[in-house]
Amino acid sequence: AELSIERRFVPESCPRVVRPGDFVRYHYLGAFPDGTRFDSSYDRGSTFNVFVGKGQLIAGMDQALVGMCVNERRFVRIPPKLAYGSEGVPGVIPPDAVLHFDVLLIDLWNAEDEVQVQTYFKPEKCPRTVQVSDFVRYHYNGTFLDGTLFDSSHNRMRTYDTYVGIGWLIPGMDQGLLGMCVGEKRIITIPPFLAYGEDGDGKEIPGQASLVFDVVLLDLHNPKDGIAIENQLVPESCERRSQAGDFLRYHYNGTLLDGTLFDSSYSRNRTYDTYVGKGYVIAGMDEGLLGVCTGEKRRIIIPPHLGYGEEGRGKIPGSAVLVFDIHVVDFHNPSDSVSITVHYKPSNCTVLSKKGDYLKYHYNASLLDGTLLDSTHSLGKTYNIVLGSGQVVLGMDMGLQDMCVGERRTVVIPPHLGYGEDGVEGEVPGSAVLVFDIELLELVSGLPEGYMFVWNGEVSPNLFEEIDQNHDGEVLLEEFSEYIQTQVETGKGKLAPGFDFEKIVKNMFTNQDRDGNGKVTAEEFKLKDQEAKEEHDEL
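Throughout this document, residue positions are counted from 1 along each chain, in the order its sequence is written. Reporting of local features is limited, given that this is a predicted model, to residues whose pLDDT is at least 70; pairs of side-chain atoms are given and counted only at 80 or more, and all residues count toward the totals for whole chains, interfaces and linings. Only hydrogens and water are set aside when side-chain values are computed; all heavy atoms of the structure are taken into account.

The chain is annotated in an unreviewed UniProt entry as peptidylprolyl isomerase of Platysteira castanea. Under Subcellular location (unreviewed entry), UniProt gives the following word-for-word description of the chain: "Endoplasmic reticulum". UniProt positions are given in the numbering used here, feature names are shortened, and annotations may be inferred rather than shown by experiment.

### Looking at the overall build of the chain
When you go through the chain residue by residue, the secondary structure sums to eleven helices and 28 strands. For a compact globule of 539 residues, the expected C-alpha radius of gyration is about 24 Å, and the chain comes in at 45 Å, more than 25% above that figure. For the chain, the C-alpha atoms occupy an extent of roughly 155 × 50 × 40 Å along the three principal directions. Expressed as a percentage of contacts within the chain between residues at least 6 apart in sequence, the contacts between residues at least 24 apart total 68%. Counting only carbon and sulfur atoms, one obtains 48% of the accessible surface of the chain, whose full area is about 28,000 Å². When charges are counted, neither His nor the chain ends are considered; positive counts come from Lys and Arg and negative counts from Asp and Glu. For the purpose of locating charges, the reference atoms are NZ of Lys, CZ of Arg, CG of Asp and CD of Glu. Distance between charge centroids for the chain: 8 Å, based on 49 positive and 81 negative side chains. Every helix listed is a DSSP run of H or I at least four residues long, and every strand listed is a run of E at least two residues long, numbered separately from the N terminus. The globule rule used for comparison is 2.2 Å times the number of residues to the exponent 0.38, while the radius of gyration itself is calculated over C-alpha atoms. Contacts were defined at the residue level, with two residues in contact if any of their heavy atoms lie within 4.5 Å. The accessible surface values rely on the Shrake-Rupley method and a 1.4 Å probe; as for residues, cover is taken only from the protein chains in view.

### Focus: the UniProt feature "domain: PPIase FKBP-type" (unreviewed entry) in the chain
When the UniProt feature table is mapped to this numbering, "domain: PPIase FKBP-type" (unreviewed entry) covers residues 21-109, 133-221, 245-332 and 356-444. Here residues 133-221 is 11% helix and 39% strand, with 9 Å between the C-alpha atoms at its ends. As annotated, residues 245-332 has a helix share of 11% and a strand share of 40%, and its two end C-alpha atoms lie 9 Å apart.

### Some remarks on helix H10 (residues 477-489)
Helix span is expected to be 1.5 Å times the residue number reduced by one. Helix length check: H10, at 13 residues, gives a terminal C-alpha distance of 18 Å against a target of 18 Å (1.5 Å per residue), a fit within 8%. Looking at the buried residues of H10, the elements they touch are strand S25 (453-455), helix H9 (463-467), strand S26 (474-475), strand S27 (493-495) and helix H11 (501-512). Remark: Gly 491 follows H10 within two positions and exhibits a positive phi of approximately 85 degrees.

### What about the side chain of Arg 186?
On the secondary structure map, Arg 186 appears in strand S11 (residues 185-190). We call a residue buried when its accessible area falls under 20% of the maximum for its residue type, exposed when it is over 50%, and partly exposed in between, using a 1.4 Å probe and counting protein chains only. Residue classification places Arg 186 among the buried residues on the basis of a relative accessible area of 7%. Contacts described as polar in this section are N or O atom pairs within 3.5 Å, which, within protein, must combine one atom able to donate a hydrogen with one able to accept it, while residues neighboring in sequence count only if both atoms come from side chains. For Arg 186, the side chain forms a polar contact with the main-chain oxygen of Leu 178, separated by 3.2 Å. Side chain to side chain, Arg 186 and Glu 184 meet in a polar contact 2.9 Å long. If we ignore the near neighbours within four places in the chain, the residues touching Arg 186 are Val 117, Gln 118, Thr 119, Tyr 120, Gly 176, Leu 177, Leu 178, Gly 179, Met 180, Phe 213, Asp 214 and Val 215.

### Comments concerning the packing of H10 against H11
In this description, a line fitted to the C-alpha atoms serves as the axis of each element, helices being fitted only across the stretch in contact, and the angle between N-to-C directions of two axes falls anywhere from 0 to 180 degrees. Viewed as axis vectors pointing N to C, H10 and H11 meet at an angle of 120 degrees, and their least axial separation amounts to 10 Å. For the element pair H10 / H11, the angle class is oblique. Crossing hand, H10 versus H11: right-handed. Mapping the contact onto sequence places Leu 477, Phe 480, Ser 481, Ile 484 and Gln 485 in H10 and Phe 501, Val 505, Lys 506, Met 508 and Phe 509 in H11. Under the grouping applied here, Gly and all other residues not named as nonpolar or charged are polar, the nonpolar ones being Ala, Val, Leu, Ile, Met, Phe, Trp, Tyr, Cys and Pro and the charged ones Asp, Glu, Lys and Arg. Split into classes, the residues belonging to the contact of H10 with H11 amount to seven nonpolar, two polar and one charged. The cut-offs work like this: below 35 degrees is roughly parallel, past 145 is roughly antiparallel, 65 to 115 is roughly perpendicular, and the gaps in between are oblique. Helix crossings are classified by the rotation of the near helix relative to the far one: an anticlockwise turn of less than a right angle makes the crossing left-handed, while a clockwise turn makes it right-handed.

### Observations regarding H11
Taking 1.5 Å per residue, twelve residues should reach 16 Å; H11 reaches 17 Å between its end C-alpha atoms and fits that length. Every buried residue belonging to H11 is among Ile 504, Val 505, Met 508, Phe 509, Asn 511 and Gln 512, and all of these are buried. Angular distribution of buried residues about the axis of H11 spans 160 degrees; they occupy a single face of the element. H11 presents Glu 502, Lys 503 and Lys 506 as exposed residues on the side facing more than 90 degrees away from its buried surface. Each element contacted by the buried residues of H11 is listed here: S25, S26, H10, S27 and strand S28 (520-521). Two or three places before Glu 502, at the start of H11, stands the capping residue Asp 500, its side-chain oxygen 3.3 Å from that residue's backbone nitrogen. The directions from the helix axis to the C-beta atoms form the arc being described.

### Regarding a nonpolar patch on the surface
The residues that make up patches have over 30% relative accessible area and no salt bridge, and they are joined within 9 Å when like-charged or within 5 Å when they are Val, Leu, Ile, Met, Phe, Trp or Tyr. We count a salt bridge whenever a side-chain nitrogen from Lys or Arg sits within 4 Å of a carboxyl oxygen from Asp or Glu. A cluster of nonpolar side chains, Val 132, Ile 166, Trp 168 and Leu 178, forms an exposed patch at the surface whose accessible area comes to about 380 Å². Here Ile 166 is to be found in the loop between strand S10 (160-163) and helix H4 (171-176).

### Some points on the environment of Leu 352
Of note, Leu 352 is situated in the loop between strand S19 (339-344) and strand S20 (358-367). Residues Leu 352 and Met 403, 51 residues apart in the sequence, show an inter-C-alpha distance of 5.0 Å. Not counting residues within four places of it along the chain, the set of residues in contact with Leu 352 comprises Asp 357, Asp 402, Met 403, Cys 404 and Leu 443.

### Side note on the nonpolar core
Counting 26 residues, the largest nonpolar core has Val 24, Tyr 26, Met 61, Leu 65, Leu 99 and Phe 101 as the members making the most contacts within it. Of all the secondary-structure elements, those providing two or more residues to this core are strand S2 (23-31), helix H2 (59-65), strand S5 (73-78) and strand S6 (99-109). A per-element tally of this core places S6 first, with five residues. Other than its neighbours up to four places away in sequence, Met 61 contacts Tyr 26, Ile 78, Phe 101 and Val 103. Nonpolar cores were defined as sets of buried Ala, Val, Leu, Ile, Met, Phe, Trp, Tyr and Cys residues, with membership established by side-chain atoms within 4.5 Å. In this structure, Ile 205, Ala 209, Leu 211 and Val 215 belong to the second largest nonpolar core, which totals 25 residues.

### Re the state of the cysteines
Two cysteine sulfurs form a disulfide in these notes if their separation is within 2.5 Å. Tallying each qualifying case throughout the model produces four disulfides. With its sulfur 1.8 Å from that of its partner, Cys 126 forms a disulfide with Cys 181. On the sign convention where negative is left-handed, the bridge of Cys 126 and Cys 181, at about -90 degrees about the S-S bond, is left-handed. In this pair, Cys 126 sits in the loop between strand S7 (116-121) and strand S8 (135-144) while Cys 181 sits in the loop between H4 and S11, placing the two residues 55 residues apart along the sequence. Under the relative-accessibility criterion, Cys 126 is labelled partly exposed at 28%. With relative accessibility at 0%, the residue Cys 181 sits in the buried group. When the cysteines of the chain that form disulfides are numbered from the N-terminus onward, they connect as 1-2, 3-4, 5-6, 7-8.

Here's what the structure looks like:
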């Protein structure tokens, strides 16, 4: 005679129960007391959808559904007076029939519902939140209110990318994404009238279905965004800042906005080297590298329209905001020359170094960021060269000019006057600016340009006869070498300093041996001022 309700399963979590006026979706099995089934929503493959408490159901069912949770299962016994009474339903329900219903509640909502947002993770730092017209990239799992999965971006291994607030999404999702931070995780529950309504989507989502989206926001930008720069370390001394046309060497870590690493120069143990302001790198990086100092560390945040756009590249997905943490190692301009800074110059500084002089000096060599490359101090001996003879890089030849003994200076050499694009494998990186701290310790004046040997006095008018010791009219290399050595030892002549004696003498002899037969005759023998101008060095 009375309505009977048996609660066969009640979920642990029951945030909401059915009230009169709510709309519900439920499955049921209808049977008579003897077990004979008269109806089933399962057989039709769709839930029964109806408002509760509005007379759209038999009175017993209207009462039995009140207080149910989603996923709750009830066994309901309805007497005839609360079912179809004495009339029944011809051909289906006999008169005065007691009805048994096995009910499973699938969905529940009210016409006054709004989008519900439950944030279960929020990053400590949230510099920016989603606003109308922003473009977002997010992952989601989409379920019905009973937990049944209907879609997942994770399964496709691809984010869902869209504008927010301009009608590209269902209204409830447009609302639910507003105010999110990158990295935030939230559950967005959307009633059907803010989702796919009475008709559903014609595929996985049935009509009148509440939707639950578990969302994690990975990326966020606006088409009006420019690059953003966060200075992390700026050296106290910054004499020069990069400009368009400069060539930079820098290290970087490249990540997506959610922190996913997609590239790193550190992992390759090699800087990234490029011109800036000339289109060699993405537009955002071209802009972000301007105005940096050597040694500076900065973060450059680049929206996709200044990065790799909608298509992405390699590990970079389409429409991704890029974050580069960079460390500038050095930079120069192709128009740069050698830079010289004098730190100490003796008061008596009358003899200045020039091309051809033999120099002995100490140095510390480093990169522009201070990385030590080499030092003569650690070797315990000086570095010795003939200035202007090509024994050092061109920039060093220039940097050692016009120095006096005891002077200390710093010479900064751009790569095109140093070791160029290739550098020195294992020692000097390609395209590296070099810094030499130099102290000149000794200077031996060289000979006039073009000379390898000069006389300190008058030249003998019988020079060939003096060299030709056996008076056979021919001078061999041994005779020539012995004679020159004697002149140098007795102070009558001087060889160009810094060169190997045997090589100089052989070079001088070869220049006189014009027919190349290994002998010099009186006809071949000529002094420097007796010859037409020639490119090689002679007596």
